[in-house]
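Take a look at the letters that make up each chain.
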Amino acid sequence: MLSWVSEERAFIAAVVIILLLLCFTISIFIGVKQTAFREKDEVFGDPERTLGGWYWTITGVSSVLLLWFYFSWGIGRAFFPEAGNEMCQIAKLETAIAPITATLPINTRYFKSTTLTRRNSEQLEILLSSMPTSIFTKIEQSELIEIIENSKAIIGVFSNQKNQSKESVAFLKKISSDIRKLSAELRLGFDGYLPTKEALAQPNWGTTYIEIPLLPITSKGVLFDSISNQASIITKTFLKTRNNSDAGDTLIESTKKKISLLKATNKSSVFDEDILIRRKAYVKAVERIFKRLDDGTIFPPKAFDGLNYAVTDLFTAIDETKGGLKLIDTLFVPGAGVIKSRTQCTEQGSGRWLPKPTDVIASFLKLANPNIEAGGGYKGSTLFWWKWLPIADLIGFIIPDKIIDLLPGEYGRHSDTGNFQSNYKDNLLALAQGDIYLGSIPMLDGHIWDSVFRVLVALILGIGLGVPLGIYMGVSRFFKSFFDPIIELYRPVPPLAWAPLILTIFGINDDGKIFLLFMVAFAIMVISARTGASGTQLSKIRASHSLGASNRQILRYVILPNALPEILTGIRISIGVCWGTLVAAEMLAGTTGIGFIENVARVVSNYELIWVTILIMGLLGLAFDIMMRRIINKTIPWRGKG
Amino acid sequence: MSDLICKNLNMTFTNPQTGSKIEALKDINFSLKKGELLSVLGPSGCGKTTLLNMIAGFLNPTAGSMSLGGNLIEGPSVERGMVFQQGALFEWLTVSKNVDFGLRMKKTPKAEAKKLVDKWLNIVGLQGFGDTPTYQLSGGMQQRVALARCLVNDPDVILMDEPLGALDALTREKMQSLILELWKETGKTILIITHSVEEALLLGERLFVMAPRPGRIHKEYKLPFAEEGLTKPLREIKHDTRFGDVREEILSMIWDMEEEIMGGA
Ligand SMILES: Nc1ncnc2c1ncn2[C@@H]1O[C@H](COP(=O)(O)OP(=O)(O)OP(=O)(O)O)[C@@H](O)[C@H]1O
Ligand SMILES: [Mg+2]
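Rules of the game
Residues numbered from 1 in each chain as written. Chains lettered and ligands numbered in written order. Predicted model: local features only at pLDDT ≥ 70, side-chain atom pairs only at ≥ 80, totals over all residues. Heavy atoms only, no water. Near = heavy atom within 4 Å. Polar contact = N/O pair within 3.5 Å; in protein donor to acceptor, adjacent residues only side chain to side chain. Areas by Shrake-Rupley, 256 points an atom, 1.4 Å probe, with all protein chains shown as cover. Helix = DSSP H or I, 4+ residues; strand = E, 2+ residues; numbered from the N terminus. Nonpolar A, V, L, I, M, F, W, Y, C, P; charged D, E, K, R; others polar. Pairing = 2+ DSSP bridges. Axes fitted to C-alpha atoms, helices over the stretch in contact; angles between N-to-C directions. Contact = heavy atoms within 4.5 Å. Disulfide = S-S within 2.5 Å. Buried < 20%, exposed > 50% of the residue type's maximum accessible area, 1.4 Å probe, protein only. Parallel < 35°, antiparallel > 145°, perpendicular 65-115°, else oblique. Left-handed = near helix turned anticlockwise from the far one by under 90°. Buried area = accessible area lost by both parts, 1.4 Å probe. Salt bridge = Lys/Arg side-chain N within 4 Å of Asp/Glu carboxyl O. Patch = residues over 30% accessible without salt bridge, like charges linked within 9 Å, V, L, I, M, F, W, Y side chains within 5 Å.

K.L.:
Sorry if this is basic, but what is going on with the site of ligand 1 here?
P.N.:
Residue and element names in this part refer to chain B. Around ligand 1, the neighbouring residues are F13, A24, S44, G45, C46, G47, K48, T49, T50, E162 and H195. The separation between an oxygen atom of ligand 1 and a polar side-chain atom of K48 is 2.7 Å. For ligand 1, an oxygen atom lies 2.9 Å from a polar atom in the side chain of H195. Taken by itself ligand 1 offers 630 Å² of open surface, and the protein chains cover 60% of this. Looking at the shell around ligand 1 element by element, the count peaks at 3 residues for helix α1 (residues 48–56). In terms of residue class, the shell around ligand 1 is built from 3 nonpolar, 6 polar and 2 charged.

K.L.:
I would appreciate a short explanation of the sheet that holds strand β9 (residues 206–211) of chain B in the present structure.
P.N.:
Either a parallel or an antiparallel arrangement is found when strands of a sheet pair, and the pairing is made through backbone hydrogen bonds. All names here are of chain B. Within the open sheet, the 6 strands sit side by side as β6-β7-β8-β3-β9-β10. Their pairing is mixed. Either end of the sheet is taken by a strand with one partner, and the two such strands are β6 (80–83) and β10 (216–222). Taken pair by pair, the neighbouring strands of this sheet meet at an average axis angle of 20°, ignoring direction. Examined bridge by bridge, strand β7 (residues 157–161) and strand β8 (residues 189–193) share 5 bridges and lie parallel to one another. Each bridged residue has a counterpart across the sheet, and for D161 the counterpart in β8 is I193. Across the face of the sheet, α1 comes into contact with β3 (37–41), β6, β7, β8 and β9 while running at roughly 150° to β7. Its contacts with the sheet place helix α4 (residues 139–151) against β6 and β7, and it is angled at close to 175° to β6.

K.L.:
So what exactly am I meant to see when it comes to the state of the cysteines here?
P.N.:
Summed over all chains, the structure comprises 1 disulfide over all chains. Paired through a disulfide, A:C88 and A:C345 show a sulfur-sulfur distance of 2.0 Å. Sign of the S-S torsion, about 75° for the bond between A:C88 and A:C345, identifies this disulfide as right-handed. With A:C88 in helix α5 (residues 83–96) and A:C345 in strand β2 (residues 345–348), this pair connects stretches of sequence that are 257 residues apart. Comparing A:C88 with A:C345 shows no difference in burial state: the two are buried. The closest cysteine sulfur to the non-disulfide-bonded B:C6 is located on B:C46, 15 Å from its own sulfur. Free of any disulfide, B:C150 has its nearest cysteine sulfur in B:C6, 18 Å distant.

K.L.:
So what exactly am I meant to see when it comes to the packing of helix α2 (residues 95–105) of chain B against helix α3 (residues 110–123) of chain B here?
P.N.:
Packed helices, taken two at a time, are described by their axes: the angle between them and the distance between them. Residue and element names in this part refer to chain B. At a minimum axis separation of 10 Å, α2 and α3 run at an interaxial angle of 120°. Considering their axes alone, α2 and α3 lie oblique with respect to each other. In terms of crossing hand, the pair formed by α2 and α3 is right-handed. Listed contacts from α3 to V95, S96, V99, D100 and L103 of α2 are A113, L116, V117 and L121. Looking at the contact of α2 with α3, its residues break down into 7 nonpolar, 1 polar and 1 charged.

K.L.:
Even after reading the chapter, I still don't get the interface of chain B and chain A, so can you show me in this structure?
P.N.:
How large an interface is tends to be reported as the accessible area lost when its parts come together. Between chain B and chain A, the residue contacts involve 22 residues of the former and 19 residues of the latter. When chain B packs against chain A, the two sides together hide about 1900 Å² of surface, and 68% of this comes from carbon and sulfur. On the chain B side of the contact with chain A, B:W92, B:M105 and B:Y135 bury the most area, a combined 35% of that side's loss. In this assembly, chain B and chain A are joined by 1 salt bridge. The salt bridge partner of A:K540 is B:E91, with a shortest N-O separation of 3.0 Å. On inspection of chain B and its partner chain A, the count reaches 4 residue pairs in polar contact (both at pLDDT 80 or more). Breaking the side of chain B that touches chain A down by element, the ones donating at least two residues are β6, α2 and α4 of chain B. Looking at which element gives the most residues to the side of chain B that touches chain A, the answer is α2(B), with 4 residues. Grouping the constituent residues of the side of chain B that touches chain A by class yields 13 nonpolar, 4 polar and 5 charged.

K.L.:
Would you explain a nonpolar patch on the surface in this entry?
P.N.:
Residue and element names in this part refer to chain A. A contiguous nonpolar patch, built from F11, V15, I18, L19, L22, I26 and F79 and spanning about 630 Å² of accessible area, is present on the exposed surface. For the nonpolar patch, the element with the most residues is helix α2 (residues 9–38), which contributes 6 residues. Position of I26 among the secondary structure elements: in helix α2. The class for I26 is partly exposed, based on a relative accessible area of 46%.

The structure is reproduced here in structure tokens:
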């Protein structure tokens, strides 16, 4: 069942998208009708106007989901599952002839030869005008000028039609005609081309870690694939083509000699260290430009005319053969499209970092699978499940071993016969170290539970200690003045700024994180309980005095309930801040938890997993907040009415 | 026997910032017999609330002493119940839990407490409202709860600081009858502060008119209207010519005091 869902995710997405579109249009329709209906009896600005309106909620949610589907290429994949593969074949062809295209004004404005000529001539001029005359002798200077002039002359020789070798002219002609043949073959269409069995057996687009299947699965794809294979052979020949000529060769040879001579004088002569460095640098700059010219990559201005025509025509042929794919590409595949790298085709554009909703769900299902052997969970831990927890572990966790050391008596010793008889202290120590089996209890387990557990423990500690202290601070001068500076000094520091210190002191396991969160929750709880307690009306306190309540009774029965709204709001804020801090702390250090998953996913650039963790965090945070709001509304209905 | 006696009461407030002193009360002397109904009237700031707070035990006099039934007053106690202008009810408790508060603090057995609470809710006319949260009650009902909460503790003296100040005219009249009824039925000593001259006349066997700067008792009246109110409708009393005469006299007295304050200021 699960694997069927996984393989057919494109189809499922298509159904979902159609449903979303329906929801979107119907809810807009209802919304517009309702608005028109209510227009008459409502005044602008009436707060009642913002109540209800579920249809606009549906419009909003479905449009966000549709946008997500669109920009993640989810719509493209859902309705045109073969398009990715076809685009991959075209990408193969474009990549294959890319070296030829690069020399032509197709994706750029100038021929590559023009660009090279212009740039090198300009740099030669600059070198000539900036020659440092003080560090070269007169003779050397004239030598240098000659080298630069020779370099210019080489550009001239290569650019001259008459000097172009017969061989290279013939080569270019042959390449152009081969490319024209490719165009003709493309124009014949893809009838009769059939995908291989091997290609059809490939997994669907996006169902495995290989994004897009590489072998062509449609007739059109097979055609493009075979053309691309031929094109790469043509390209290989093209890359070997050089503009060699006798005139050029003699100039190059003589210039080479002059340069090596100059370099030799640099070695033999005795120069100041500083001057030597400058001399070497200048000669090197001259040589660098010369080296760019001696490999015969500059061709005469008209040499590539035939090739340019042939390649331009090939692109036209590609476009014609693409047919409907062109529309799909522009409408449903925002971004650069499919790119072929050395071994695979990848999505380029928003689809790269924005995983498709269906893939995110697939990734989540894999993560949520409690069966670790079957590939579920993450890094050896389930997402959210349960396990048997030995009671002994719990006791060992709660009772510190040191307490046993403080008990009267001594630990046992081995006897004369070499036996060891454990006494009561040894037994208690074993208990405190969790070595005695006492049965097991079922316990929640997994990354989510680990995160929630940390927040829960920290919250319980923060509430348990913070609320009493806060209340005493609200009613007692001593408590207020004594603790105020301590809390007010550490509270404004962002919790994460404490993290490096606390994780060092308490270790990267639960203790450190729980303490960090405890600090956060404690400060918030103290402040809110204190505000609540000190806000008790004097008349209420006086009334309870007159009714015979003792000071303790007043704290328990009047001040505490009076502070309850503030305390609950404090808990709500604490949960939010703790949750945010925890995830960040888990990203810093640790081996379990939601933040840990995201951190690993970040390191390995697993965008799907990153989105999954972000969604889990957001949904859990939302769930906590809704829960707290419910609790607040249930427990303090009198809020704001006292 | 359990008389409330105030001897040479003085109260001076010192402003902690400026150090200036305000004589809120100066040489107050009076005694109140058990079961007497006293109303206190006076211009704003003449020390009425201060006097009441001292009797309740919330404030200590700078000089002088107070005693109730021979015992010195040194702090708040159940003997002296207090009703505030605005209920000061515990909004997190229901009506019966509010009334029950004092009994719970005393750890009265549950069954006995419930009987008492029901009895008093009946008397103040709130039968059936036991489980209603107090924030859902009207202002008049809230004051009834405050009365019941105070009375269930069986105090010797009931102190009320403008208990009906926040109520509308009609509810006010009903509450005035209720207070008179309670006074008659329970025979408690009641001290009531009010801003309304009519109310002071209706709810006072005795009536103190206080004067400000320093706060003192300016004049005392003995009035028959409270007694009459037990048998006659209150509206009828108000139309009595004697009632009108006293009212006019007190009104012009307070008017003069206010004039004096304004002139002096
Ligand atoms: N805690 C205090 N600190 C300083 N001065 C105070 C304090 N309480 C009351 N006073 C002053 O004592 C005087 C009497 O105040 P009190 O509240 O008793 O007046 P009141 O008669 O109850 O007035 P009202 O009719 O407006 O309630 C006023 O001048 C007031 O400013
Ligand atoms: Mg007052």
